[in-house]
Amino acid sequence: MPYETIARHFFNFDRWLGIEPIGNGHINDTYRIGFEVEGRVQWWLLQRLNHHIFKQPDVVMENIRKVSIFLEKQAYPMQTTAPVAKLSGGLLHTDAQGNYWRIFPYIPDSYTPEGLVGPEIAFTAARAYGAFARALQHFPANNLSETIPGFHDTDRRWAALEEVLKTDPVGRVRFTAQEIAAIHEALPLFRQISHLKQSGALPVRVTHNDTKAGNVLLNMHTHQALAVIDLDTVMPGAILSDFGDMVRTFAPTAPEDNPEAVSLRPDIIAALEEGFLSETADWLLESEQKHLMLGAAWITGEQALRFLTDWLAGDVYYKIQYAEHNLVRTRNQLALFRAIVAKYA
Ligand code: GN1
Ligand code: MG
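Since this is a predicted model, take the numbers as computed values, not measurements. (Residues numbered from 1 in each chain as written. Chains lettered and ligands numbered in written order. Predicted model: local features only at pLDDT ≥ 70, side-chain atom pairs only at ≥ 80, totals over all residues. Heavy atoms only, no water.)

A few words now on the overall build of the protein. Helix and strand counts for the protein stand at 11 helices and 10 strands. The globule rule puts the C-alpha radius of gyration for 345 residues at 20 Å, and the 20 Å found for the protein is close to it. Its C-alpha atoms give the protein principal-axis dimensions of about 60 × 50 × 40 Å. With 345 residues in all, the protein has 54% of them scored as buried. Long-range pairs, those at least 24 residues apart, make up 72% of the contacts in the protein between residues at least 6 apart in sequence. (Helix = DSSP H or I, 4+ residues; strand = E, 2+ residues; numbered from the N terminus. Rg over C-alpha atoms; globule rule 2.2 N^0.38 Å. Buried < 20%, exposed > 50% of the residue type's maximum accessible area, 1.4 Å probe, protein only. Contact = heavy atoms within 4.5 Å.)

Printed below as a string of structure tokens:
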């Protein structure tokens, strides 16, 4: 059993109980595993780290290790999930196929608040991400590596789109004229963000960079926040993207790959702002606080740009479930971008 063999690099146990896939990430593969040690059942989270996307897996693990240790020393109101070391040392197991595996604590009785959650849950999740940002406020940004260079550097992502428009590797450009025209509407806003970054109005901070609804764990019974997970992209960034990704994933009436029209839920946006600011209003700059919704437009537009680029490149980055998945995602995010700009940005 290959999964059991992987797990045995991390733990000694008596009896393997099995494995099941969990979560719905677009990049890594995540499983819950179970085994027995001296008659006691243990559950852990096993994950295959996608090394085609995270090209330096050791650097990712080193970032996560540093951040987890730092958080554990703060007055941090949630659980941390530091990766487990192998019995022989090191945080990654490489299998014969060259895949990278790691293990994290599994947090029982938890769920991620995806779907049409109400304002109380949105508030709780945003407060959790706010508490995460607060706890890392004094973490020296230059101690972290960029696990994906230029992750939220939208100028760089725009250049990648231009490149794929030129090379058109799978001949999709001519069927995508509407979406390509639509993404150009976002260009002035992307420029505005670059300008705010350069001017110092958006200082470099240690940010999570993937604060979607699926990356906060809540208690199944009390609905309190248990943990902020998926620290693969914790690195220097701008706080607006962390707020923006919450709006992008909590506020719409449908998920990011829904082919029908999406609209925004204003009560959720208000709750996200309230929750996030309850942990950040006393230390974020005014120029950051007043641009939070600009962050929502930015990160939604950037997500549209990323899905569109991947569609035109031939689906080389995001996992897809059907042929036009990335195109459907692009249209959804473009519609959401327009809705945010029309009302807020
Ligand atoms: C990816 O793998 P997952 O689902 O946590 C992506 C995010 C996107 C998100 C869109 C490393 O996150 O940046 O916002 O898909 N992660 C990476 O759902 O690119
Ligand atoms: Mg992620």
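Right, let's get into the coordination of the magnesium ion (ligand 2). Distances from the magnesium ion (ligand 2) to its protein donors, Asp210 (OD) and Asp230 (OD), fall within 1.9 to 2.0 Å. Placement of aspartate 210 in the loop between β7 (205-207) and β8 (216-219) and of aspartate 230 in the loop between β9 (225-228) and β10 (235-237) is noted, with a sequence separation of 20 residues between them. (Donors = N, O, S within 2.8 Å, 3.2 Å for Na, K, Ca; no water.)

Each domain of the protein was delimited in the assignment, giving domain 1 (3-106) and domain 2 (119-343). When each unit is reduced to the centre of its C-alpha atoms, the spacing between domain 1 and domain 2 is 26 Å. Contacts between domain 1 and domain 2 engage 23 residues on the former and 25 residues on the latter. When domain 1 packs against domain 2, close to 2,300 Å² is buried across both sides, 64% of that on carbon and sulfur atoms. When the buried area of domain 1 at its contact with domain 2 is split by residue, His26, Asn63 and Met78 rank highest and sum to 28% of it. (Domains from an automatic or database assignment. Buried area = accessible area lost by both parts, 1.4 Å probe.)

The next thing to look at is helix α7 (residues 239-250). In this model α7 runs 17 Å from its N-terminal to its C-terminal C-alpha over 12 residues, within 8% of the 16 Å that 1.5 Å per residue would give. Along α7, the positions that sit buried rather than exposed are Ile239, Leu240, Ser241, Asp242, Phe243, Gly244, Asp245, Met246, Val247, Arg248 and Phe250. (Expected span 1.5 Å × (residues − 1).)

Around ligand 1 there are 15 residues in total, and Lys212, Glu256, Gln303, Arg306 and Tyr317 lie nearest to it. Expressed as a share of its isolated accessible area of 440 Å², the protein-covered part of ligand 1 is 95%. Of the residues in the shell around ligand 1, the class split is 6 nonpolar, 3 polar and 6 charged. A domain split of the shell around ligand 1 shows at least three residues from each of domain 1 (3-106) and domain 2 (119-343). (Near = heavy atom within 4 Å. Areas by Shrake-Rupley, 256 points an atom, 1.4 Å probe, with all protein chains shown as cover. Nonpolar A, V, L, I, M, F, W, Y, C, P; charged D, E, K, R; others polar.)

What follows concerns a nonpolar patch on the surface. On the surface, Leu17, Val41 and Trp43 cluster together into a nonpolar patch covering about 250 Å² of accessible area. With respect to the element layout, valine 41 can be found in strand β3 (residues 40-49). (Patch = residues over 30% accessible without salt bridge, like charges linked within 9 Å, V, L, I, M, F, W, Y side chains within 5 Å. Salt bridge = Lys/Arg side-chain N within 4 Å of Asp/Glu carboxyl O.)

In this section: the pattern of salt bridges. Per the counting criterion, the structure on display carries 16 salt bridges. Across the pair glutamate 288 and arginine 205 runs a salt bridge whose closest N-O atoms are separated by 2.7 Å. With glutamate 288 in helix α9 (residues 286-289) and arginine 205 in strand β7, the pair connects residues that are 83 residues apart, well separated along the chain. Residue glutamate 288 shares its accessibility class with arginine 205, and that shared class is buried. The salt bridge involving glutamate 256 is made with arginine 248; its shortest N-O contact spans 2.8 Å. Residue classification places glutamate 256 among the buried positions, given a relative accessible area of 18%. Put simply, Asp29, Arg48 and Lys319 are held in one network by salt bridges that share partners.

Attention now moves to the nonpolar core. The nonpolar side chains of a soluble globular protein tend to be buried, and buried together. Core analysis: the largest hydrophobic core is formed by 91 residues, its most contacted members being Leu136, Val247, Phe250 and Leu272. Of the residues that make up this core, three or more belong to each of domain 1 (3-106) and domain 2 (119-343). Once residues within four sequence positions are removed from consideration, leucine 136 is found in contact with Val67, Phe70, Leu71, Val206 and Val234. Ala7, Phe35, Trp44 and Trp101 belong to the second largest nonpolar core, which has 14 residues in total. (Core = buried A, V, L, I, M, F, W, Y, C linked by side-chain atoms within 4.5 Å.)

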